[in-house]
Amino acid sequence: MRTAIIGGGIAGLAAAYELEKARKAGSAVSYTLFESRDRTGGCLSSEVVDGLVLEYGPDSFLTEKPAAAELCRELGLGADLIPSNDANRKTHILVRNRLVPLPDGLMFLIPTKLVPTALTRLFSLSTKVRMALELLHPPRPSGLEDESVASLVERHFGAETVDRLADPLLSGIFGGDAAQLSARSVLPRLVEMESQYGSLTRGMLAAHRKMRAAAKKFSAQSSAGPRPARAIFTALRGGLQQLVDALTAQLDPASVRLSTPVNGLRKTDGGWRVDAGGAAEIYDAVIVASPAWAAGVLLGEVDPLLGEALGSIPYSSSITVNLVYDESQLGTLPEGFGFLVPASEGRSMLACTFVHRKFLGRTPPGKAVLRAFLGGMRGEAQLAETDADLVATLRRELSEILGEKVLSRQAEPVLTQVSRWRRAMAQYSVGHGERKRRIAERVAALDGLRLAGNAYDGIGIPDCIRLGRLAAKELLANHQVSESAGQQVS
Ligand SMILES: Cc1cc2nc3c(=O)[nH]c(=O)nc-3n(C[C@H](O)[C@H](O)[C@H](O)COP(=O)(O)OP(=O)(O)OC[C@H]3O[C@@H](n4cnc5c(N)ncnc54)[C@H](O)[C@@H]3O)c2cc1C
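Residues numbered from 1 in each chain as written. Predicted model: local features only at pLDDT ≥ 70, side-chain atom pairs only at ≥ 80, totals over all residues. Heavy atoms only, no water.

(A) Here's a closer look at the overall build of the protein chain. Broken down by element type, the protein chain carries 16 helices and 22 strands. The C-alpha radius of gyration computed for the protein chain amounts to 24 Å, which stays within 12% of the reference 23 Å derived for 490 residues, consistent with globular compactness. Looking at the 490 residues of the protein chain, the share that counts as buried comes to 52%. For the protein chain, the share of sequence-separated contacts (at least 6 apart) that also reach a separation of at least 24 residues comes to 73%. If you sum the accessible surface of the protein chain, you get close to 22000 Å²; carbon and sulfur atoms cover 54% of it. For the protein chain, the centre of its 57 positive side-chain charges and the centre of its 53 negative side-chain charges are spaced 6 Å apart. (Helix = DSSP H or I, 4+ residues; strand = E, 2+ residues; numbered from the N terminus. Rg over C-alpha atoms; globule rule 2.2 N^0.38 Å. Buried < 20%, exposed > 50% of the residue type's maximum accessible area, 1.4 Å probe, protein only. Contact = heavy atoms within 4.5 Å. Areas by Shrake-Rupley, 256 points an atom, 1.4 Å probe, with all protein chains shown as cover. Lys, Arg positive; Asp, Glu negative; His and termini not counted. Charge placed at Lys NZ, Arg CZ, Asp CG, Glu CD.)

Structure (structure tokens):
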């Protein structure tokens, strides 16, 4: 089986790795990975500069989703997996230019502890009263139309909770807008809780009780005692580039074509014709692991309806800026990992991470790294600004937010670095589930075609890895079935 993989981001690399394993194990498979840039990894990119790990795209993955850590272990990177420094995990929200910590007991968007919710400065009195009354919210029948996250959260907790909590949190994860993101695709557990319990607070408390009971049962049955709490995020000691390098090193170099965009795809009698680098080649199967907008252009030639559905998945862009300071130049930063900025604050920046606090041991003593995020659905125009302008805006905003005593406008960063990620983050907008179903139906009708990447079933690194590997495994399984059927006939 000859397979073309289009796109060498983490999803395409994971697919190629799976095919390479089969090839090394003696299966009659070969593959070509086409990547338009001069490097593999897509959004994953990091560098070690003067002993300091600088992440240019994502910095970690959710520990709860095992696919990424499993792959790292398989690649021999197990000893380099490091947990986030959760003992110091506090996130602040900017409210009228003051940093307010998220109250204790907030489980994603849902307040579950009375006293911290009553005392927090994050919400006004009327929102707090609304949060208490939410306990009486009636169940909503399942099967109703999809709605936006903003609409779900506003129905339960009011508009202020959308502005100060849902929108900044989702813009941190998806670079997206709560008014556009699909509640059913982005917060499926909350949608289920609403249909079962009515109140999301009651649903969340019930889920928490179940988790505690399961943990108790585990520790009663296990001689090792209570299960240690897992860190929320996992990173790699040397940066996520370690994962890209380790994966790429596993592949057959002759099978990886960098700086070779695929610019045409056709279904033929013999399989799939792939046009790239001025040549056309025929493959038995194709894994399209490019962003959906690029997949839509290629597959629109094969099936216009499929092309249209793929092209209708919106994307947002993102800019990350690393500002490295000598700690001696800074006052005391607020506790925790950093802060999020609601759109209503009218700032350019969306968020800032105190990198040296989030993962220990990746920043040399005496240095501090502030990593700011810009862009998102409302910030596309910022992509056109120069690096110098972006850095100047951030330095001004950071000093206004943190205070001159903590970060003076005059304090010169020892290093600045800007990365632009154009149309990189798929947006699961309202109706995403239905769109995904239509896409899956049309893909199933095209023999030897699989899709992978962040546009379908999870935006994070673990889901992209899971989907890339799954695409390759499914093709391998079909190939084995047709091979053994061929042997039986002959
Ligand atoms: C700034 C930022 C921060 C993030 N933070 C996190 C985080 O902390 N944790 C987390 O889990 N996730 C995070 N994410 C999300 C996650 O990184 C991405 O969703 C994931 O890496 C996407 O992988 P992918 O392989 O689907 O796509 P991509 O990485 O976009 O790769 C697709 C590849 O396809 C190539 N391509 C496109 N068209 C063609 C063509 N015609 N021919 C050949 N090649 C083509 C592109 O050049 C690209 O390399 C972040 C994303 C960004 C942008």
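That shown, we press on.
(B) The pattern of salt bridges, seen in detail. Tallied over the entire structure, the rule returns 34 salt bridges. Close ionic contact of Arg23 with Glu20 constitutes a salt bridge, the shortest N to O distance being 3.0 Å. Of the two residues, Arg23 and Glu20 are both situated in helix H1 (residues 10-24); the distance of 3 residues between them amounts to about one turn of the helix. Take Arg23: its relative accessible area is 33%, and that puts it in the partly exposed class. (Salt bridge = Lys/Arg side-chain N within 4 Å of Asp/Glu carboxyl O.)

(C) How the structure looks around the side chain of Asp303. Relative to the helices and strands, Asp303 resides in the loop between helix H11 (292-300) and helix H12 (304-311). The exposure class of Asp303 is buried, given its relative accessible area of 10%. A polar contact of 3.0 Å, which involves the side chain of Asp303, links it to the backbone nitrogen of Leu305. (Polar contact = N/O pair within 3.5 Å; in protein donor to acceptor, adjacent residues only side chain to side chain.)

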